[in-house]
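Chain residues, written in single-letter form:
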Amino acid sequence: MGKVYTIGEALIDFVPEERGSLKEAVHFEKKFGGAPANVAMIVSVLGGDAAFIGKVGEDPFGEFLKSKMEEYNVDTNFVFFSKEAKTSLAFVSLDEEGDRDFIFYRNPGADMELRKEEIAEIEFKKEDFLCFGSFALAKAPLKEAVKKTLENMKQAGGTVLFDPNIREDIWKNKEELKNTLQEFLVYADILKASEEEVLFLSGEKTVSEAVNVLKDKVSHLLVTLGKEGSLLIKGEKEIRRKGKEVNVVDTTGAGDAFVGAVLYQLQKKDRDLSLISLDEWENVLDYANKTAGIAATRKGAVEAVRDIRDE
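From a predicted model like this one, the values you see are computed outputs, not experimental measurements. (Residues numbered from 1 in each chain as written. Predicted model: local features only at pLDDT ≥ 70, side-chain atom pairs only at ≥ 80, totals over all residues. Heavy atoms only, no water.)

Enquirer: How should the sheet that holds strand β10 (residues 190-194) be read in this particular structure?
Expert: Whether parallel or antiparallel, the strands of a sheet pair through hydrogen bonds between backbone atoms. Strand order across the open sheet formed by nine strands is β5-β4-β1-β8-β9-β10-β11-β12-β13, with mixed pairing between neighbours. Edge positions in the sheet fall to β5 (75-82) and β13 (237-241), since each has one partner strand and no second. Neighbour-to-neighbour, the strand axes of the sheet open up by a mean angle of 15°, direction not taken into account. One ladder, built from five bridges, connects β10 with strand β11 (residues 220-224); its direction is parallel. Looking across to β11, one finds that S194 is bridged to T224. Most of the contacts of helix α5 (residues 195-202) go to β10, to which it runs at about 110°, and overall it touches β10 and β11. (Pairing = 2+ DSSP bridges. Helix = DSSP H or I, 4+ residues; strand = E, 2+ residues; numbered from the N terminus. Axes fitted to C-alpha atoms, helices over the stretch in contact; angles between N-to-C directions. Contact = heavy atoms within 4.5 Å.)

Enquirer: Even after reading the chapter, I still don't get the packing of aromatic side chains, so can you show me in this structure?
Expert: The description of an aromatic ring pair rests on the distance of the ring centres and on the angle between the ring planes. Summed over the entire model, instances satisfying the criterion amount to eleven aromatic pairs. Between the aromatic rings of F28 and F91, the centroid separation amounts to 5.5 Å while the plane-to-plane angle is 90°, which identifies the pairing as edge-to-face. Of the two residues, F28 sits in strand β3 (residues 28-33) while F91 sits in strand β6 (residues 89-94), which places them 63 residues apart along the sequence. The class of F28 is partly exposed, set by a relative accessible area of 31%. Pairing F132 with F184 gives two aromatic rings, centres 6.3 Å apart and planes at 55°, and the pair type is tilted. Of this pair, F132 sits in strand β8 (residues 129-132) while F184 is found in helix α4 (residues 174-185), placing the two residues 52 residues apart along the sequence. (Phe/Tyr/Trp six-rings, centres within 6.5 Å; stacked < 30°, edge-to-face > 60°. Buried < 20%, exposed > 50% of the residue type's maximum accessible area, 1.4 Å probe, protein only.)

Below is the structure:
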């Protein structure tokens, strides 16, 4: 069985205890954050084998992040400490529906300092998976480290999942963001995107039109539809699976939980992506929808991971 690798950012989410704008917030809780790091945590606590590739600051926040990963049995052999930059921070606001917005303190952040030379010794296998997102692609040297890692994984014959996880405010402009997404989409075997993200990537106005544009760019297109569940497009075949209504508390970890659950299920199958049947994919989506739903009922991604593990 292969290992699931994730690469990119591990950071601290400061989540206000009060709902509403950050302007009015007074009390904050410190939470484990960063989509790739969250995905590795989800895979590991669900029972899979996961490793995180990235850099944190040589500071109390960085030590906290690495110790949390180790607590959840994530392989941290390729987690490095930066002396030059501090651990990135994100302040997260939650509205009354549990939806969130972010303000990032990351100029530079330690995650941005990861260099391709530091991770050159990683040896991937055909059975392995690699998950990455666009947050890691905005600045060098991290962007170049991600690109080299993707090239090495593709050379080994492994499977790549791209979760854009778009945060427009870390980019100079939308054109640079869109061009970068298109540049890195060529590495993906699986593209996982939200409704908003497929519209942005495709330039279309409806999800169905967007799917028609994107389905020929990757062998597997996964679209998350919030409370409506998710869909998979594989060639000319399409599968839709409904999610269950839940009492939404915090959506911050839901997307990461979905991706982690998908990768965990694929890892368990231990065979080429092309050999996984549509019936099996239905079960994968049902499992991922359920996991994401559970995550949305808890506050903070790490707490969601713990609760999923204990159920």
